[in-house]
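Read off the chains here:
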Amino acid sequence: MTDIASRVPIGCSRFGVMNYLVCLKGILIREGLRYLNQRERFISSLVRPLLWLFIFAAGFRQVLGVSIIPPYQTYVLYEVYITPGLCGMILLFSGMQSSLSMVYDREMGNMRTLLVSPFPRWFLLVSKLLAGVAVSIIQVYAFLFIAWFWGVKAPPSGYLLTLPALFLSGMMLGALGMLLSSLIKQLENFAGIMNFVIFPMYFASSALYPLWRVQEASPLLYKICLLNPFTYAVELVRFAFYGQIEWTSLAVVCGFTIVFIAGAIIAYDPSRGLVIKKQEGGNN
Amino acid sequence: MGTNAELKNINDKSMPEANLPALDLASVSYAYGKRQALENVTFSIAPGRFAVLLGLNGAGKTTLFSLISHLFATRHGRIHVFGHDIDRRPGDALRRLGIVFQTRTLDLDLSVHQNLSYHASLHGIRAREANRRIHDLMQSIDMSDRLHEKARSLSGGQIRRVEIVRALLHEPSLLLLDEATVGLDIKSRATILADIRKLVEEKGISVLWATHLIDEVSHADQVIVLNQGKLVANGPVHDVVKNAGAETINEAFSRLTGIYALNAGNRL
């Protein structure tokens, strides 16, 4: 019989751990290369939070006073208060950027290359998610580096302790982006994500103002902020900066991460997926 | 050649996988909402065969490819690749499949090498082995010198050939090519077709070549004709021609897909 046809025998060994790591590494490298090829993406990911820090925070410093609330043990400048929120902003935009990139890949056909890999689909999606989170964490640290020169300084250990919080928050927001990418039929529809997801999530959270101030201003908005998972991502990062764990935030972020990842895996499952339904119209 | 019945023996380790059909479809149907794209399609391809899937645009070829490559789930019927059910054991089936899609799927912003390395990693192939295979395969198509160029700088024909190299990197046993020569000039088409036929002859790879270009069919091929989602012919070229009551495969295809009647009508 033919040599190639008999190359893979029945009951041949499945992929081992090393094969999985090779696959993960390949996806990480590809995302990294794509990121390096898009320098504008890196610059814009930094410019956005820096504008908020340099202009918005400076302007509102006198208007928005922040009293002593945990994790702060003294009065802090408004710039210090919004820095975790701006880190969250980077993760949020990056997560949505990943979803944009997945829609683009799907339209261009690159997504098929990934989806016909013999590795389990959940593993491929989680690997892609990890790659996106790794890129966004680099962006966050680049931002924190610049913010340090602007006088926004956390305890040195805080920069290290923030890493797990950034990772978890990035996973949650990246998974949300992945789930949303399955709902978007065409690239042009992505603007809707900006209006209906990114902005509401960002503004209806504790990123820009403490929740007690929101509660004073509008009890309804306060409740909305409490329902917003982004609030918990920001608080997780905020407390981690000072070496503390905010347990409620940790639980909520972990919970939503699992829900969003599961949703994305189901959405990209060929037998149940929403993605396939989106593609069906154009095929014959 | 294996049949559906033989697939039941897949768990019997004594049965060589190479004796099973490279591809076996049993009563496969698929619908987009109310529109039936494929209806009760059944055929097999033996290992080492070059099979041409002929059909006009809209015949259901791409849908069939999406089902075989597990991009869509098979809701009705069963698809086996060397005995492995694509829906129940997609990993085992996909490992044996090399796929060239109708649309270009190289990342144009990455180099040829980066694109190929990425694919190798998606099949768990370690860097050293991947590099060896990439160099060998690129050399075999005389494109080693383009390895570190951006995919964007390649011509349409070169992109297609790199995509074929990519599909072969993990040494598949069955190669699926969906309209691989569409949009290419005559020379590029001939080169690609010759490359693939050489693979069948030298390495015994099985090929399912989807096209609507009748001149890509050779006498020794298995021909599968789809028309409006239905299988209207399947077999060696001379059988298909004979059964259609035609003189040539071109005429047989015209009769089977209704072009013949349309042309006759136009002449009146």
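Residues numbered from 1 in each chain as written. Chains lettered and ligands numbered in written order. Predicted model: local features only at pLDDT ≥ 70, side-chain atom pairs only at ≥ 80, totals over all residues. Heavy atoms only, no water.

Colleague: How should I be thinking about the overall build of chain B in this particular structure?
Modeller: If you tally the helices and strands in chain B, you get ten helices and ten strands. Among the 268 residues that make up chain B, the fraction classed as buried is 58%. Across chain B, contacts joining residues at least 24 apart in sequence account for 66% of those joining residues at least 6 apart. On chain B, roughly 11,100 Å² of surface is accessible, and the fraction owed to carbon and sulfur atoms is 49%. (Helix = DSSP H or I, 4+ residues; strand = E, 2+ residues; numbered from the N terminus. Buried < 20%, exposed > 50% of the residue type's maximum accessible area, 1.4 Å probe, protein only. Contact = heavy atoms within 4.5 Å. Areas by Shrake-Rupley, 256 points an atom, 1.4 Å probe, with all protein chains shown as cover.)

Colleague: Is there a simple way to think about the pairing of strand β2 (residues 35-45) of chain B in this case?
Modeller: A regular strand carries its side chains on alternate faces of the sheet. Residues and elements named next belong to chain B. By the bridge criterion, seven bridges tie strand β1 (residues 23-32) to β2 in an arrangement that is antiparallel. Counterpart to Tyr-30 in the pairing with β2 is Leu-38. Adjacent in sequence and paired antiparallel, β1 and β2 are bridged by two residues, among which Gly-33 carries a positive phi angle near 65 degrees. (Pairing = 2+ DSSP bridges.)

Colleague: Got a minute to help me understand empty space enclosed by the protein in this structure?
Modeller: Once rolled over the atoms, a probe with the size of a water molecule shows which space is left empty. All names here are of chain A. One pass over the structure, following the stated rule, counts six cavities of 30 Å³ or more. One number sums up the size of the largest cavity: a volume of about 130 Å³. As for the largest cavity, its lining consists of 15 residues, of which Ser-98, Lys-128, Leu-129, Gly-132 and Gly-174 are closest to the centre. Contributions of two or more residues to the lining of the largest cavity are made by α3 (78-108), α5 (121-149) and α6 (156-183). Looking at the lining of the largest cavity residue by residue, the classes come out as five nonpolar, eight polar and two charged. (1 Å grid on protein atoms, 1.4 Å probe; cavity = no way out; pocket = protein on both sides within 12 Å on 5 of 7 lines; lining within 4 Å. Points joined across faces, edges and corners; volume = space filled by probe spheres on them. Nonpolar A, V, L, I, M, F, W, Y, C, P; charged D, E, K, R; others polar.)

Colleague: How should the pattern of salt bridges be read in this particular structure?
Modeller: Charged atoms that come close allow side chains of opposite charge to pair. Residue and element names in this part refer to chain B. Using the criterion set out here, one finds 22 salt bridges over all chains in the structure. A salt bridge links Arg-189 to Asp-215; its shortest N-O distance comes to 2.9 Å. Highlighted residues: Arg-189 in helix α7 (residues 186-203) and Asp-215 in the loop between β8 (206-211) and β9 (222-227), separated in sequence by 26 residues. Residue Asp-215 is classed as exposed on the basis of its relative accessible area, which comes to 53%. The closest approach of N and O atoms between Asp-221 and Arg-197, which form a salt bridge, is 2.7 Å. Of this pair, Asp-221 sits in the loop between β8 and β9 while Arg-197 sits in helix α7, placing them 24 residues apart in sequence. On the basis of relative accessible area, Asp-221 is assigned to the buried category, the value being 2%. (Salt bridge = Lys/Arg side-chain N within 4 Å of Asp/Glu carboxyl O.)

Colleague: Help me out: how do you make sense of the packing of aromatic side chains in this one?
Modeller: Each aromatic ring pair is described using two quantities: the centre-to-centre distance and the angle formed by the ring planes. Residue and element names in this part refer to chain A. Taken as a whole and judged by the stated rule, the model has 22 aromatic pairs over all chains. Judged by centre distance (6.3 Å) and plane angle (40 degrees), the ring pair of Phe-199 and Phe-203 falls under tilted. Taken as a pair, Phe-199 and Phe-203 lie in helix α7 (residues 190-203) at a separation of four residues, close to a single helical turn. Through pairs of rings, three or more aromatic residues link up here, namely Trp-52, Phe-56, Tyr-78, Tyr-81, Phe-199, Tyr-202, Phe-203 and Phe-230. (Phe/Tyr/Trp six-rings, centres within 6.5 Å; stacked < 30°, edge-to-face > 60°.)

Colleague: What's the story with the UniProt feature "transmembrane region" (unreviewed entry) in chain A in this structure? I'm lost.
Modeller: All names here are of chain A. Residues given the UniProt feature "transmembrane region" (unreviewed entry) here are residues 6-29, 50-69, 81-104, 125-151, 157-180, 192-212 and 247-268. Regarding residues 81-104, the helix share stands at 100% and the strand share at 0%, and the terminal C-alpha atoms are separated by 36 Å. In the segment residues 125-151, helix accounts for 93% and strand for 0%; the C-alpha atoms at its two ends are 39 Å apart. (UniProt positions renumbered as here; feature names shortened; annotations may be inferred.)

Colleague: Would you mind going over the packing of helix α6 (residues 156-168) of chain B against α7 of chain B with me for this structure?
Modeller: Think of two packed helices as two axes; the pair is described by the angle between the axes and how far apart they sit. All names here are of chain B. Direction vectors running N to C along α6 and α7 enclose 15 degrees, while the axes themselves pass 10 Å from each other. By the angle between their directions, the pair α6 and α7 is classed as roughly parallel. When the axes of α6 and α7 are compared, the crossing they make is right-handed. Across from Gly-157, Arg-160, Arg-161, Ile-164 and Leu-168 in α6, the residues of α7 making contact are Ser-188, Thr-191, Ile-192, Asp-195, Ile-196 and Leu-199. Of the residues in the contact of α6 with α7, the class split is five nonpolar, three polar and three charged. (Axes fitted to C-alpha atoms, helices over the stretch in contact; angles between N-to-C directions. Parallel < 35°, antiparallel > 145°, perpendicular 65-115°, else oblique. Left-handed = near helix turned anticlockwise from the far one by under 90°.)

Colleague: What should I look at first to understand the environment of Ile-68 of chain B in this one?
Modeller: Residues and elements named next belong to chain B. Its place among the elements puts Ile-68 in helix α2 (residues 61-68). A residue is classified by how much of its surface remains accessible, and Ile-68, at 0% relative accessible area, is buried. Placed 19 residues apart in sequence, Ile-68 and Asp-87 show a C-alpha to C-alpha distance of 9.2 Å. Those residues in contact with Ile-68, other than ones at most four positions away along the chain, are Leu-23, Leu-25, Ile-79, Ile-86, Leu-97, Leu-176 and Leu-208.

Colleague: In this structure, what is going on with unusual backbone geometry? I would like to understand it.
Modeller: Apart from glycine, the bulk of residues carry a negative phi angle, and the bulk of peptide bonds sit in the trans form. Residues and elements named next belong to chain B. Even without being a glycine, Asn-40 presents a positive backbone phi close to 50 degrees. Along the chain, the position of Asn-40 falls in strand β2. Not every positive phi belongs to a glycine, and Glu-171 is a case in point at roughly 55 degrees. Relative to the assigned elements, Glu-171 resides in the loop between α6 and β7 (174-178). Accessibility expressed as a relative area gives 29% for Glu-171, which makes it partly exposed.

Colleague: Is there a simple way to explain the confidence of the model for chain B in this structure?
Modeller: Atomic detail in the predicted coordinates should be set aside for any region of low pLDDT. All names here are of chain B. Averaged over every residue, the pLDDT of chain B is 87; residues scoring 70 or more account for 90%. Summarising per-element confidence for chain B, the mean pLDDT is lowest in helix α1 (residues 4-7) (44) and highest in helix α4 (residues 112-122) (96). Residue range residues 1-15 is modelled with pLDDT below 50. Its contacts to residues more than four positions away, or to other chains, number 30 contacts. (pLDDT = per-residue confidence, 0-100.)

Colleague: What's the story with the side chain of Thr-83 of chain A in this structure? I'm lost.
Modeller: Residues and elements named next belong to chain A. Along the polypeptide, Thr-83 turns up in helix α3. You can call Thr-83 buried: its relative accessible area is 2%. At a separation of 2.7 Å, a polar atom in the side chain of Thr-83 contacts the main-chain carbonyl oxygen of Glu-79. If we skip the residues at most four places from it in the chain, Thr-83 touches Leu-53, Phe-143, Leu-144 and Val-152. (Polar contact = N/O pair within 3.5 Å; in protein donor to acceptor, adjacent residues only side chain to side chain.)

Colleague: Is there a simple way to explain the packing of α4 of chain B against α6 of chain B in this structure?
Modeller: Residue and element names in this part refer to chain B. Relative to each other, α4 and α6 sit at 30 degrees, their axes nearing to 9 Å. Our classification of the angle between α4 and α6 gives roughly parallel. Crossing hand, α4 versus α6: right-handed. On α6, the residues that touch Val-112, Asn-115, Leu-116 and His-119 of α4 are Val-162, Val-165 and Arg-166. A class-by-class count of the residues in the contact of α4 with α6 yields four nonpolar, two polar and one charged.

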